[in-house]
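Chains, contacts and geometry: an overview
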Amino acid sequence: MRYAELLKRLAHLDKNYKVKVIGKTKFNRKIFAVEKIVDKSFSTAIFISSIHARENITSDLVFEMIEKNLFDKIDKFNLSFVVMANPDGIEIQSGNLQSFSKRHQKKFLKMNGGKTDFSMWKANAFGVDLNNNFDANWGTNVHSVEPSSQGFVGKKPFNERETKAIAKYTKKINPFITISYHTKGEEIYFNFFQEKQEFLRYEKIAKRFQESTGYMIRNVEKSSSGGYKDWCVSKLKIPALTIEVGNDNLSHPIEKENLSEIFEKNKSIAFDLMFAYNEFEKSRWNMSYNEKFMKKAMSLAKKAYEADEVPVGAVIVKDGEILASAFNKRESSFDATAHAEILAIRKACKKLGDFRLLGAEMYVTLEPCVMCTGAILNSRIENVYFGAYISNGSISAEELSKRSELNHKTNFFGGYLEKENSDLVSSYFKEKRKK
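The helix and strand tally for the chain stands at 14 helices and 13 strands. Along the first, second and third principal axes, the C-alpha atoms of the chain reach 85 × 50 × 40 Å. The buried share of the chain, reckoned over its 435 residues, is 54%. Restricting to contacts in the chain with at least 6 residues of sequence separation, those with at least 24 account for 72%. Accessible surface for the chain amounts to roughly 20800 Å². Of this, 49% is attributable to carbon and sulfur atoms. Computed over 69 positive and 55 negative side-chain charges, the separation of the two mean positions in the chain equals 5 Å.

Rendered as structure tokens:
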């Protein structure tokens with residue numbers, strides 16, 4: 001799809017879809033978002049297509065989805081489609097150079113290695129590969145050091161109008177998921193250095209898309225950088241999928257004659273989004289649930305602070321109810337084992353009349369030490385949610401759990417209210433150093 005065709009199709013959209021201009025290129029082409037607003041208070045899923053010029057069949061794909069009413073039954077969330085993220089690049093890729101000045105045409109030829117065939121062009125009109133221009137490990141995988149038809153990451157993150165516009169729009173919308181359509185390979189990428197709990201949730205969503213499309217999940221974490229998906233995952237902390245459509249045997253650019261086959265493999269997208277939305281709702285509830293108990297642990301940590309103890313508090317929960325709680329009492333009890341976690345475990349075991357705390361969860365303000373991790377594993381606690389990470393170079397609780405030869409494995413999830421918990425510990429030791 002070229003820009004002129006895009007304008008025609010936008011003019012004939014169903015009345016349920018609204019067109020918004022989210023930015024303009026330096027050559028004054030508009031970057032459009034097509035929105036389906038069910039309710040302004042609802043969350044939104046964002047689609048990005050044609051961020052690489054030679055992958056413009058992805059614009060045809062999203063229009064096919066819209067025009068074939070795939071999303072008609074969605075009533076729990078909104079949709080937004082950035083239908084052509086790189087319109088200048090697409091004009092170059094399609095050979096429509098007459099819309100640019102002679103001076104720019106010469107620049108394009110140079111960036112294309114002197115070749116007059118522009119069909120493999122990926123970049124925008126300034127030779128920046130837009131999907132490498134987002135602020136996510138930007139510049140760590142440089143393929144070209146100067147403007148080029150592909151591979152140049154730009155002079156700095158977001159130095160192009162297109163990426164600025166997309167980032168600003170995404171932040172404003174605050175989506176519950178983003179889908180970036182690319183070609184080719186029939187692959188799905190979802191991970192980018194997430195925390196464990198985020199990785200597991202995003203993987204679950206990616207597997208759902210894998211089941212419906214038949215595309216394989218791939219891990220390109222170490223070779224990826226500066227991508228829109230990478231930025232959404234690392235900076236916005238939201239699930240983001242890059243979906244490569246089109247069989248690997250096809251050649252770039254994929255021709256429209258292959259669109260029907262691609263559409264068939266992606267036609268369950270509405271159901272996949274519903275699944276992702278339900279996961280989002282569950283995680284939102286879990287976040288509130290986890291925060292409630294972490295704040296209780298923090299109140300105990302503050303009591304420890306007031307008692308001149310290292311400020312750590314722990315709460316053990318089962319079936320949504322607090323089973324036991326405690327804070328550090330090493331100094332006052334003259335007991336090296338009187339850590340908050342140990343004291344809470346003792347109370348919980350005594351209350352249940354069993355050393356096995358099966359199905360229980362612990363909320364603790366600081367990552368458990370080696371001793372406490374051993375007690376947690378031996379008490380069979382199912383999940384541990386901790387606030388601040390230990391920064392003294394000791395082995396992590398998660399690594400200890402992995403290495404243990406016990407039949408039981410505890411899941412450790414870190415970073416809950418991390419700053420607040422970290423600040424509390426830092427303040428305590430600053431005061432100690434002053435004395």
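The next point concerns the sheet that holds strand β5 (residues 177-183). Strand order in this open sheet of 8 strands is β1-β2-β4-β3-β5-β8-β6-β7, and the pairing throughout is mixed. The sheet terminates laterally at β1 (18-24) and β7 (216-217), the two strands that pair on one side only. Where strand β3 (residues 44-48) and β5 come together, 4 bridges link them in parallel fashion. Directly across from Ile 48, in β5, lies its bridge partner Ser 180. Contacts between helix α7 (residues 228-236) and the sheet are confined to β3, β5, β6 (187-189) and β8 (240-245), with β8 contributing the most and set at about 160° to the helix.

Each strand in a sheet pairs with its neighbour through backbone hydrogen bonds, running either in the same direction (parallel) or in the opposite one (antiparallel). Taken in spatial order, the 5 strands of this open sheet run β10-β9-β11-β12-β13, and their pairing is mixed. The sheet is open, and its two borders are formed by β10 (321-327) and β13 (411-413), each paired with just one other strand. Here the strands of the sheet are splayed against their neighbours by 15° on average, with no regard to which way each runs. Along the sheet, helix α11 (residues 340-352) makes contact with β9 (313-318), β10 and β11 (361-366), crossing β10 at roughly 140°.

This part is about the packing of α11 against helix α12 (residues 370-378). Each pair of packed helices can be summarised by the angle the axes make with each other and by the distance between the axes. Closest axis-to-axis distance for the α11/α12 pair is 9 Å, and the angle between their directions is 25°. The orientation of α11 relative to α12 falls into the category roughly parallel. Considering only the axes of α11 and α12, their crossing is left-handed. The residues of α12 that touch α11, namely those facing Glu 341, Ile 342 and Ile 345, are Met 371, Cys 372, Ala 375 and Ile 376. Looking at the contact of α11 with α12 residue by residue, the class counts come to 6 nonpolar, no polar and 1 charged.

Quick look at the pattern of salt bridges now. In a structure, side chains of opposite charge can pair up when their charged atoms sit close to one another. As enumerated under the stated definition, the model contains 22 salt bridges in all. Taking the shortest distance from any N to any O, the salt bridge between Lys 122 and Asp 129 comes out at 3.8 Å. This pair shows no difference in class: Lys 122 is buried, exactly as Asp 129 is. When the shortest N-O distance is used, the salt bridge between Lys 419 and Asp 423 registers 2.9 Å. You can see Lys 419 and its partner Asp 423 sitting in helix α14 (residues 418-434), 4 residues apart, about one turn around the helix. Shared partners join several salt bridges into a network, and the residues in it are Glu 5, Arg 9, Asp 60, Glu 67 and Lys 256.

Further remarks concern the packing of aromatic side chains. Scanning the entire structure with this criterion turns up 29 aromatic pairs. Residues Tyr 228 and Trp 231 carry aromatic rings whose centres are separated by 6.1 Å and whose planes lie at 40° to one another, so their mutual orientation is tilted. Here Tyr 228 pairs with Trp 231, and both are found in helix α7, just 3 residues apart, close to one helical turn. A relative accessible area of 2% means that Trp 231 is categorised as buried. In textbook terms, an aromatic cluster arises when at least three aromatic residues are bridged by ring pairs, as seen for Phe 27, Phe 100, Phe 108, Phe 118, Trp 121 and Phe 126.

Bringing the pairing of strand β2 (residues 30-36) into the picture now. With 6 of 7 residues buried, β2 lies mostly within the body of the structure. Both β1 and β2 contribute to a ladder of 6 bridges, which runs antiparallel. Note that in β2 the partner of Gly 23 across the bridge is Ile 31. Between the end of β1 and the start of β2, which pair antiparallel, lie 5 residues, with Asn 28 showing a positive phi angle near 70°. When β2 meets strand β4 (residues 78-82), the two strands line up antiparallel, connected through 4 bridges. Along β4, the bridge assignment pairs Lys 36 with Leu 79.

Rules used throughout
Residues numbered from 1 in each chain as written. Predicted model: local features only at pLDDT ≥ 70, side-chain atom pairs only at ≥ 80, totals over all residues. Heavy atoms only, no water. Helix = DSSP H or I, 4+ residues; strand = E, 2+ residues; numbered from the N terminus. Buried < 20%, exposed > 50% of the residue type's maximum accessible area, 1.4 Å probe, protein only. Contact = heavy atoms within 4.5 Å. Areas by Shrake-Rupley, 256 points an atom, 1.4 Å probe, with all protein chains shown as cover. Lys, Arg positive; Asp, Glu negative; His and termini not counted. Charge placed at Lys NZ, Arg CZ, Asp CG, Glu CD. Pairing = 2+ DSSP bridges. Axes fitted to C-alpha atoms, helices over the stretch in contact; angles between N-to-C directions. Parallel < 35°, antiparallel > 145°, perpendicular 65-115°, else oblique. Left-handed = near helix turned anticlockwise from the far one by under 90°. Nonpolar A, V, L, I, M, F, W, Y, C, P; charged D, E, K, R; others polar. Salt bridge = Lys/Arg side-chain N within 4 Å of Asp/Glu carboxyl O. Phe/Tyr/Trp six-rings, centres within 6.5 Å; stacked < 30°, edge-to-face > 60°.

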